Structures are given as structure tokens and as C-alpha cells.
Protein chains: 2
Amino acid sequence: MPILNNMLNQEATLDRVFHALADPSRRAMVDRLTRGPASVSELAEPFDMTLAAVVQHLRVLEDSGVVRSEKVGRVRTCRIEPAALTSAEQWITKRKALWGRRLDRLAEVLAERNKK
Amino acid sequence: MPILNNMLNQEATLDRVFHALADPSRRAMVDRLTRGPASVSELAEPFDMTLAAVVQHLRVLEDSGVVRSEKVGRVRTCRIEPAALTSAEQWITKRKALWGRRLDRLAEVLAERNKK
């Protein structure tokens, strides 16, 4: 059932992306990475937390696909991956659009009723 | 410090909205409500879970501000509140735009370099 599998994958991706964004430290890391790639220690610098805690947050961000990292020599460089953010953005945008259309239809029905 | 308080409130709102959307059952409930208001039992109908579990999910959605409900007589009716979704949508859209601008600047720098 490739269509069902695809839907379940999309749901799992949305779970992970929204979960990754539900923490202020992780959002601050995404913020930092929108200004350009950074090493793990650069990313950790502004935070009052252990490096282990930063690495833990990074793992959640990487699992969601919002961030990817690459190790060259001893330095791991992190980058943002905007495609993962797009799935979450589109999910919200679509629901708001559906709701907006529903209100438009409701307004039409009321206008029609007032004419009578 | 009203500005700082305001920022902390916004962060707390984003935490709650993203957390609310990080669950497939809660997203399905939002989906249902984009088609119009529903009672708690209508909302629970398609789910293979106890009413208590549905009420628990609803509480998370209400805490985030994405859903609000109103009890008239014995029936609690739930509606979507698109403003809460907008804060999460705008957070993502802004980061993607910042990242896009960064890539544009990078492309300009590379183009300038190739001219020399």
C-alpha cells in the first residue's frame, strides 16, 4: 500500500518537525542557522546549558530533518534544511485556507438570506 | 520589562502551538474543525480511543489557543481559532525567508567573484 505508507511517513515527519519546533532552545538554534552554517560549539555558545544538552537538542532537530550536520575532521558543521520546514508550514497554511473558505461560504449564505 | 515579558509570552505560545500540532490525532481534530464546529462526541467519533483520551487531546489544543470550546446546556462545541495557527505559520515563514535571503546574497558574492 504505497499511498498509505506515504501518508504515514508524512504524518511521522510532521510529528517530528512540530515536536522539534516546540522548544525555545531548538527554535533559537534554527534561528542561528538561518544566518548561516555553524559548528556545534558555535551553536552552543549563547546557551547556558551543557554541551551534552545541546547535542541532545541537535539530535531532535536532525531526526526531524530540519537540520543536517556533517563532520569534517574534528568539526561538525550544522546547516538548516528548509524543505522540512516547508512541510509544517504547508500543513498550517492549508488548514487556514480551508477555514477561510468555509467562512466565505458562510458569509455568502448569510448574504443570500438577507436578500430574501 | 513589558517587551521581555511579551517575548517570553510569544515563546510560550509557540511552544504550546507546535506541541499541540506534534500529534497525528490532534492534527486530525484540527482538520475536522477546519470543516466547521463540532461537539466533543462528533470530534471523538472517527477515533479508536476513549472519550477521556479525546478530552485530554482537546485540552492540549485549547491550552495552545488553536481550539476553543463553549458549553451550552450539556453539549460542548469546539471551534478552530486560526490566530494561534498564524503565530506558528509566521515563525516558520520568517525563518525560511531569512534563509532564502542568505542564499541570494551568497549567489551574488559568487557571481561577483566569477566576474573578476
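About the thresholds
Residues numbered from 1 in each chain as written. Chains lettered and ligands numbered in written order. Predicted model: local features only at pLDDT ≥ 70, side-chain atom pairs only at ≥ 80, totals over all residues. Heavy atoms only, no water. Pairing = 2+ DSSP bridges. Helix = DSSP H or I, 4+ residues; strand = E, 2+ residues; numbered from the N terminus. Contact = heavy atoms within 4.5 Å. Axes fitted to C-alpha atoms, helices over the stretch in contact; angles between N-to-C directions. Core = buried A, V, L, I, M, F, W, Y, C linked by side-chain atoms within 4.5 Å. Buried < 20%, exposed > 50% of the residue type's maximum accessible area, 1.4 Å probe, protein only. Left-handed = near helix turned anticlockwise from the far one by under 90°. Nonpolar A, V, L, I, M, F, W, Y, C, P; charged D, E, K, R; others polar. Patch = residues over 30% accessible without salt bridge, like charges linked within 9 Å, V, L, I, M, F, W, Y side chains within 5 Å. Areas by Shrake-Rupley, 256 points an atom, 1.4 Å probe, with all protein chains shown as cover. Salt bridge = Lys/Arg side-chain N within 4 Å of Asp/Glu carboxyl O. Phe/Tyr/Trp six-rings, centres within 6.5 Å; stacked < 30°, edge-to-face > 60°. Expected span 1.5 Å × (residues − 1). Arc of directions from axis to C-beta. Least-squares fit on C-alpha atoms with pLDDT ≥ 70 in both. pLDDT = per-residue confidence, 0-100. Buried area = accessible area lost by both parts, 1.4 Å probe.

## Here's the deal with the sheet that holds strand β3 (residues 75–80) of chain B
Residues and elements named next belong to chain B. Ordered by their spatial adjacency, three strands build an open sheet running β1-β3-β2, and the pairing between neighbours is antiparallel. Looking along the sheet, the strands with just one partner apiece sit at the ends: β1 (38–39) and β2 (67–72). Inspection of the sheet shows β1 paired to β3 by two bridges, in the antiparallel sense. Its bridge partner lying in β3, Ala 38 is registered against Cys 78. Set on the sheet, helix α2 (residues 24–34) makes contact with β1, β2 and β3; between it and β3 the angle comes to about 90°.

## A closer look at the nonpolar core
Note that soluble globular proteins tend to have their nonpolar side chains buried in a common cluster. Judged by nonpolar contacts, the single largest core of 56 residues is most densely connected at Phe 18, Leu 21 and Val 66 of chain A together with Phe 18, Leu 21 and Val 66 of chain B. Those residues in contact with Leu 21 of chain A that sit more than four places away from it in its chain are Arg 27, Val 30 and Leu 85 of chain A together with Phe 18, Trp 91 and Ile 92 of chain B.

## Thoughts on the packing of helix α5 (residues 82–115) of chain A against helix α5 (residues 82–115) of chain B
One way to put it is that α5 of chain A packs onto α5 of chain B with a least axis distance of 9 Å and a crossing angle of 145°. Remark: the crossing between α5 of chain A and α5 of chain B carries left-handed chirality. Taken together, the residues of α5 of chain B that come into contact with α5 of chain A (itself represented by Pro 82, Leu 85, Thr 86, Ala 88, Glu 89, Ile 92, Thr 93, Lys 96 and Trp 99 of chain A) are Pro 82, Leu 85, Thr 86, Ala 88, Glu 89, Ile 92, Thr 93, Lys 96 and Trp 99 of chain B. Grouping the constituent residues of the contact of α5 of chain A with α5 of chain B by class yields ten nonpolar, four polar and four charged.

## Considering a nonpolar patch on the surface
Together, Leu 103, Leu 106 and Leu 110 of chain A give the surface a local cluster of nonpolar side chains, amounting to about 250 Å² of exposed area. The partly exposed category is assigned to Leu 110 of chain A, whose relative accessible area is 47%.

## Structural notes on the pattern of salt bridges
Taken as a whole and judged by the stated rule, the model has twelve salt bridges over all chains. Where Asp 15 of chain B meets Arg 27 of chain A, a salt bridge forms, and the shortest distance between an N and an O atom there is 2.8 Å. You can see Asp 15 of chain B sitting in helix α1 (residues 2–21) and its partner Arg 27 of chain A sitting in helix α2 (residues 24–34), one on each of two chains. Between Arg 68 of chain B and Glu 81 of chain B there is a salt bridge, and its shortest N-O distance comes to 2.3 Å. Placement of the pair is Arg 68 of chain B in strand β2 and Glu 81 of chain B in the loop between β3 and α5, with a sequence separation of 13 residues. Taking relative accessible area as the criterion, Arg 68 of chain B reaches 43% and is therefore assigned partly exposed.

## Topic: the packing of aromatic side chains
Here the structure, examined in full by the defined rule, presents three aromatic pairs over all chains. Relative to Trp 91 of chain B, the ring of Phe 18 of chain B lies with its centre 6.2 Å away and its plane at 80°, an arrangement referred to as edge-to-face. Separated by 73 residues along the polypeptide, Phe 18 of chain B in helix α1 and Trp 91 of chain B in helix α5 bring together distant segments of the chain. On the basis of relative accessibility, which here comes to 0%, the residue Phe 18 of chain B falls in the buried class. A network of ring pairs unites the aromatic residues Phe 18 and Trp 91 of chain A together with Phe 18 and Trp 91 of chain B as a single cluster.

## Focus on helix α1 (residues 2–21) of chain A
An ideal rise of 1.5 Å per residue puts 28 Å on 20 residues; α1 of chain A measures up with 28 Å between its terminal C-alpha atoms. Here α1 of chain A has its buried residues at Leu 14, Val 17, Phe 18, Ala 20 and Leu 21 of chain A. Along α1 of chain A, the residues classed as buried sweep out an arc of 155° about the axis, all on the same side. Turned more than 90 degrees from where α1 of chain A packs its buried face, Leu 8 and Asn 9 of chain A sit exposed. Elements that come into contact with the buried residues of α1 of chain A comprise α2, α4 (51–64) and α5 of chain A together with α1, α2 and α5 of chain B.

## Details of the relation of the copies chain B and chain A
Each copy of the sequence occupies a distinct position, and chain B is placed on chain A by a rotation of 180° and an axial shift of 0.0 Å, giving an RMSD of 0.0 Å. Both copies of the chain, as the preceding transformation shows, are related through a two-fold rotation axis. Considering only C-alpha atoms, the part of chain B nearest the rotation axis is Phe 18 of chain B, at 2.5 Å. Here 100% of the interface residues in chain B have copies in chain A that are interface residues too; the copies meet face to matching face.

## As for the confidence of the model for chain A
Low pLDDT means the predicted atomic positions in that stretch should not be read closely. Looking at chain A, pLDDT values average 92 and 99% of them are 70 or higher. Here the predicted complex carries an ipTM of 0.88, next to a pTM of 0.89.

## Thoughts on the interface of chain B and chain A
If you look at the interface, chain B gives 31 residues, while chain A gives 31 residues. Buried area between chain B and chain A, both sides added, is near 2900 Å², and the carbon and sulfur share of it is 64%. The residue Lys 96 of chain B makes a salt bridge to Glu 89 of chain A at a minimum N-O spacing of 2.8 Å. Those elements that provide at least two residues to the side of chain B that touches chain A are α1, α2 and α5 of chain B. Here the element with the most residues in the side of chain B that touches chain A is α5 of chain B; it accounts for 13 residues.

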